[in-house]
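Fold and geometry: a report
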Amino acid sequence: MKPRFIRLAYAALGAGILISAVGVYGVVSGMREAAYRAQSEFRDNIVWFAAQFNGELAALTDALHDHVTGVQPDSQATVERFDVFWSRLDSAREGALGRSFLRLPGAAETVADAAATLREFESTVLALPNATSDEVGRFVGALRALKPRLNELTLAALASRNVDVAAEHRAQREGATRLTVLLLGMLVLGTSLVALLLLERAKVAALGRTLAMRVAERTADLAESEDRYRTLVTHAPEAIVVLDAEQGKFIEANENAARLFGVSRERVLECGPGDFSPPLQPDGRASAELVAERVAAALAGEVPIFEWLHQNVSGERIPCEIRLVRLPAAGRSLVRGSITDISVRKRHELELARHRERLEELVEERTRELETAQRDLLRAERLAAIGQLTGTVSHELRNPLATIHTSSVVLAKRLGDQDPSVVRIAERITRNVERCVGIIQDLLDYTRVRDLELRRVDFDAWLRATVADIEVPDAVTVNCDPRSGARVLIDPERLRQVMVNLIDNAALSMIEAPGAEGPLRIDITAATDGERLRLRVADSGPGIAEERRESVFEPLYSTRAFGVGLGLPLVRQIVEQHGGRVELEPAAGHGAAFVVWLALAPAEVAPQTASRSGGTTPA
Amino acid sequence: MPRAPRKAYWALATILAVVAAPPAYPESLPPPAGRVILTVSGALSRTNDEAGARFDRAMLEALPQHTLLTETPWTDGITRFEGPLARNVLAAVGASGESVRASAINDYAVNIPLADFEQYDVIVALTRDGAPMRVRDKGPLWIIYPWSDHPQLRSEVHHSRSIWQLKALHVE
């Protein structure tokens, strides 16, 4: 390529020089010829023209002279000579040749004067041979006066020819100079062209060397980059595959991909995405359809990131996250897939969800506890207020009440013999005073939480004895049938208060109920339930209205004419002091039923848990 | 200087075209009726005088006429010249030779090779721009070369052969 180009350039240069030489030769010869022709034409025309002028003038003069002298004059010939000279004058004023002649100094004037002379003597000539000798003689004189002027013109023509030749020489010299300059210019041009070519050649050679070096460097870089890339891909933490979208097959896969699918890398390259996916994805769509959709999106320039369920060769399903990206490749549709196994993440997510649920439960529980605590606090505050009041008031009331009590007893004794009605009145006073004292006692009991004096008792026996001692209105029947067979650790005196309050509450609710008829019954049962003892007090009364169930255990809450509303709250206080719980059974038909849960005495737990059916164990 | 009606030589040209053969000339030229304007001498086979062949204007106008439109160094622009072809004039007198010496009223003379007349349509012009030429107009006869048709004729040699005020031809 390179030497051919150089050869071509040299050939062009040679051809250029040859053509220039031919051109120069042509120019020189053309100039010489033109010079010669201009010179010869000038000589042959202008000089000759002037000579002819002279000759024709002389001929006319001679012919006319014959007429003057009378020696063989020929009129016709003379007229012809006249006309010939006339035509000569005309031809000086017409055509290129005539114009060249008129450019001679003085030519125009001479020609004009000659023409005027001819016109002046035309009639004389036409009158021949009858024209007078004088007239003809005058004409001859006028023509002879023209002769020296025509001679001058001839000389001027010759001189101007010389001038012209000199100018021609000068022009030739100038032409030669110009040609020399041209040649020199061409020489310089050619030389610089050659130099330029040589320089270019050197530059091209240098460029070629640099290029070769660059190519080598780039090749090395490329190889290194490829190595780097391979290392990156091969040891990437995720599985990497390259999919040929048109063939639907993987054309690249790293070790992690092979490990993920559970086959060799070679085997991966024989398969497509469908071979490592279950027929359907978790959302119920066909894997093949989804693959096509996602790959199309990637080819369109998006970078889809999505979760995917893969299935390895042993049928194990692996949740994965896949990122697709189109790879630049001329004429091929390549998509790189980066697959991350997210089964661990999924597991963690599940656990986290579970923990979250548990936490929510815990929070709810704690909230509930907090609410209870808040309620307790509220109650305690209320009780503190009551306690403060009752502490003072009760103390102040008890002494007067004791005085009234004693006084009424004394009154009954002293006047009872005289008037039996006084005894009844006195007894009513006594009874009511006792009732007041009872209320004060209740208040004091409720507000002054005393330490329990625990004793281990046979619960069933204790219960029967206690219930039997409690007075109830005649209309009410108490049926006590405990079958727990349990021994419990209780403060019998305090727990007796519980029983009194529960039975009073039941009895009063039945008696006070509007239209209370039929048998008024209180059923008391006891049984063990697991590690606890269950005591139930049920009545056959009207039950407790739904909206009041929540507040029956609140202190100072009473719907009755008598009482301050401390009965049931006191029950709860004492039971809870025993570590137990009291609750109102959900309403079921008639009546209300209170259930008291108490812990069994520790030593009794093991044998008692065996007989959970209850009621059959002998006391 | 009577001039033959144009119709006449148009008729003659038509006849010549019909015959389509070189004109058959009689043994001797008829004598000129008018003033002689051209005398041909030298090697001739047909004459009408001791001196040779003498032509008046009518005799020359009787020959086939040829028109030339050309520039000349002595005129401005294109000029129309009409007259018989020089070779036909020489044929009419049965001229045989290499060249002809032409001479003019103003004593100018020049040798013209006959080859010029054979090679080019050189005419012996009788009119310039449709008008007969007086001696003052370089007439009555002027040898005209077809310069405009043949630029190679624009040389001093051929210019010098274009003789005006022609009066005689001598065939050599």
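What you see is a predicted model; the values in this text were computed from it and never measured.

Description of the overall build of chain B
Helix and strand content of chain B: five helices and eleven strands. Across the 172 residues of chain B, 36% fall into the buried class. In chain B, the share of contacts with a sequence separation of at least 24, taken over all contacts with a separation of at least 6, comes to 60%.

Digging into the overall build of chain A
Counting its secondary structure elements, chain A contains 14 helices and twelve strands. With 619 residues in all, chain A has 23% of them scored as buried. Considering only contacts within chain A whose residues lie at least 6 apart along the sequence, 65% involve residues at least 24 apart.

Structural notes on the interface of chain B and chain A
The interface of chain B with chain A comprises 15 residues on the first partner and 17 residues on the second. Here the residues of the side of chain B that touches chain A are counted per class, giving four nonpolar, four polar and seven charged.

Considerations on the sheet that holds strand 9 (residues 131-132) of chain B
Ordered in space as 3-4-8-9 (chain B), the four strands form an open sheet in which the pairing is antiparallel. What marks the edges here is a single partner per strand, and that holds for strand 3 (65-70) and strand 9 of chain B.

What about the nonpolar core?
Across soluble globular proteins, you tend to see nonpolar side chains buried next to one another. Grouped together as the largest cluster of nonpolar side chains are 41 residues, with contacts concentrated most on A:Val498, A:Leu502, A:Leu533, A:Val537 and A:Val571. When contributions to this core are tallied by element, the ones reaching two or more residues are helix 10 (420-447), helix 11 (459-469), strand 8 (487-490), helix 12 (492-512), strand 9 (520-529), strand 10 (532-539), helix 13 (567-577) and strand 12 (593-599) of chain A. Excluding anything up to four places from it in sequence, A:Val537 contacts A:Leu502, A:Ile503, A:Ala506, A:Ile522, A:Ile524, A:Ala593 and A:Phe594. Formed by 40 residues, the second largest nonpolar core is a distinct cluster that contains B:Val40, B:Leu90, B:Val100 and B:Leu153.

As for the sheet that holds strand 7 (residues 476-482) of chain A
Residue and element names in this part refer to chain A. Spatially, five strands are ordered 7-9-10-12-11 in an open sheet, and the strand pairing comes out mixed. Looking at which strands have only one partner, the edges of the open sheet turn out to be strand 7 and strand 11 (581-584). On average, each strand axis in the sheet is inclined to that of its neighbour by 15°, with strand direction left out of account. Direction of pairing for strand 11 relative to strand 12: antiparallel, over a ladder of four bridges. Of the residues in strand 12, the one forming a bridge with Arg581 is Trp597. Sitting on the sheet, helix 11 is in contact with strand 7, strand 9 and strand 10, with an inclination near 170° to strand 7.

Notes on the packing of helix 12 of chain A against helix 13 of chain A
Residue and element names in this part refer to chain A. Following both chains from N to C, one finds helix 12 and helix 13 inclined at 150°, their axes separated by 9 Å at the closest point. With respect to each other, helix 12 and helix 13 are oriented roughly antiparallel. In this structure, the crossing between helix 12 and helix 13 has a hand that is left-handed. Of the residues in helix 13, those touching helix 12 at Arg494, Leu495, Gln497, Val498, Asn501, Leu502, Asp504 and Asn505 are Gly567, Leu568, Leu570, Val571, Ile574 and Val575. Grouping the amino acids of the contact of helix 12 with helix 13 by side-chain chemistry returns eight nonpolar, four polar and two charged.

A closer look at the confidence of the model for chain A
Summary statistics for chain A give a mean pLDDT of 82 and a share of 89% for residues scoring 70 or more. Across residues 604-619 of chain A, confidence stays below pLDDT 50; counting only partners more than four residues off in sequence or on other chains, it has 25 contacts.

Overview of helix 9 (residues 343-415) of chain A
Count 3.6 residues to each turn of an α-helix, and residues three or four apart come out pointing the same way. All names here are of chain A. Of all the bends in helix 9, the largest measures some 25° and sits at Thr390. Taken across its 73 residues, helix 9 has three buried, putting it largely on the surface. Those residues of helix 9 lying buried are Thr390, Ser394 and Ser408. Looking at the buried positions of helix 9, the neighbouring elements they touch are helix 10.

Scoring rules and cut-offs
Residues numbered from 1 in each chain as written. Chains lettered and ligands numbered in written order. Predicted model: local features only at pLDDT ≥ 70, side-chain atom pairs only at ≥ 80, totals over all residues. Helix = DSSP H or I, 4+ residues; strand = E, 2+ residues; numbered from the N terminus. Buried ≥ 20, exposed ≤ 12 C-beta atoms within 10 Å, placed from the backbone. Contact = placed C-beta atoms within 7 Å. Nonpolar A, V, L, I, M, F, W, Y, C, P; charged D, E, K, R; others polar. Pairing = 2+ DSSP bridges. Core = buried A, V, L, I, M, F, W, Y, C linked by C-beta atoms within 7 Å. Axes fitted to C-alpha atoms, helices over the stretch in contact; angles between N-to-C directions. Parallel < 35°, antiparallel > 145°, perpendicular 65-115°, else oblique. Left-handed = near helix turned anticlockwise from the far one by under 90°. pLDDT = per-residue confidence, 0-100. Bend = angle between axes of the 7 residues up to and from the residue.

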